[in-house]
Amino acid sequence: MIVGNGPVADGSDRMIDLSDLVIRFNDSRNLGPAGRRTDVVAVCNTGRPAHAMVTSQQWRGSPAVAGSREIWSVRDPEKFSALRPQLAITNPELDDFCDDRTADFATFAQESGKAHRVIPATVHEAADVALAAHEPGPYVVPSSGMVVVTHILGDFGFAGDEIVIAGFGHTGWDGHPFAAERRLIETYIVAGRLQRLPSSSSPSQGA
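Residues numbered from 1 in each chain as written. Predicted model: local features only at pLDDT ≥ 70, side-chain atom pairs only at ≥ 80, totals over all residues. Heavy atoms only, no water.

What follows concerns the overall build of the protein. Along its length, the protein carries nine helices and seven strands. In terms of overall dimensions, the protein is globule-like: its C-alpha atoms have a radius of gyration of 16 Å, near the 17 Å expected for 207 residues. Taking the principal axes of the C-alpha coordinates as reference, the protein spans close to 45 × 40 × 35 Å. Looking at the 207 residues of the protein, the share that counts as buried comes to 52%. Residue pairs in contact within the protein that sit at least 24 positions apart in sequence constitute 69% of those at least 6 positions apart. Carbon and sulfur atoms make up 52% of the accessible area of the protein, which amounts to about 9900 Å² in all. Within the protein, one finds 18 positive and 25 negative side-chain charges whose respective centroids are separated by 4 Å. (Helix = DSSP H or I, 4+ residues; strand = E, 2+ residues; numbered from the N terminus. Rg over C-alpha atoms; globule rule 2.2 N^0.38 Å. Buried < 20%, exposed > 50% of the residue type's maximum accessible area, 1.4 Å probe, protein only. Contact = heavy atoms within 4.5 Å. Areas by Shrake-Rupley, 256 points an atom, 1.4 Å probe, with all protein chains shown as cover. Lys, Arg positive; Asp, Glu negative; His and termini not counted. Charge placed at Lys NZ, Arg CZ, Asp CG, Glu CD.)

Structural data, given as structure tokens:
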């Protein structure tokens, strides 16, 4: 179960908590309505969000983070280091976007008895390739949710498993290609590779 931070339908909490593996994102804003079980917290490990999380005792002690077994850094440090010169030209306002805090998350995980994983650049690049067929237009990077979905679908360790997403509203920061991500996710659902739990009709935020 891959749980984004958007709204979920009433009653989703029980189904999510009964899953064998639950992956959440960053500050897990919908904990409670979207269940409480958390095995993995996938974090945006660069830029301001990374700094805000890794320096926050509130985040470190939050129920989702405290209860997790693994922290996944979704941004490969070498990939984002290579992006910095390009973004300095195309998006100069993102001057701290590639500032890397991966080592801080790794240290936190080790001190907390959790595993730490960095999702490799090849996954990010595979998401870019898959999105290209869905008219993404200009964008900065895929969302953390899209990277994690790509990672899970490409990991043979999950072959044969039922993979379900919830709380994916496909809206949020305009540097992510959310409309194209929605279209790509729908192709995975139609192909039987993913399932989607119904979401509420409230305004939603992306993973």
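Neither face of strand β3 (residues 40-43) is exposed, since V40 and A42 on one face and V41 and V43 on the opposite face are all buried. Bridging between strand β2 (residues 23-25) and β3 involves three bridges; their strand directions are parallel. In the sheet register, R24 faces β3, and the bridge partner there is V41. Across four bridges, β3 lies against strand β4 (residues 70-73) in parallel orientation. When the sheet's bridge partners are listed, V43 is paired in β4 with S73. (Pairing = 2+ DSSP bridges.)

As for its position among the elements, P198 is in the segment after β7 (195-196). A residue is classified by how much of its surface remains accessible, and P198, at 54% relative accessible area, is exposed. Residues P198 and A9, spaced 189 residues apart in sequence, show a C-alpha to C-alpha distance of 5.7 Å. In contact with P198, other than residues within four places in its own chain, are V8, A9 and S12.

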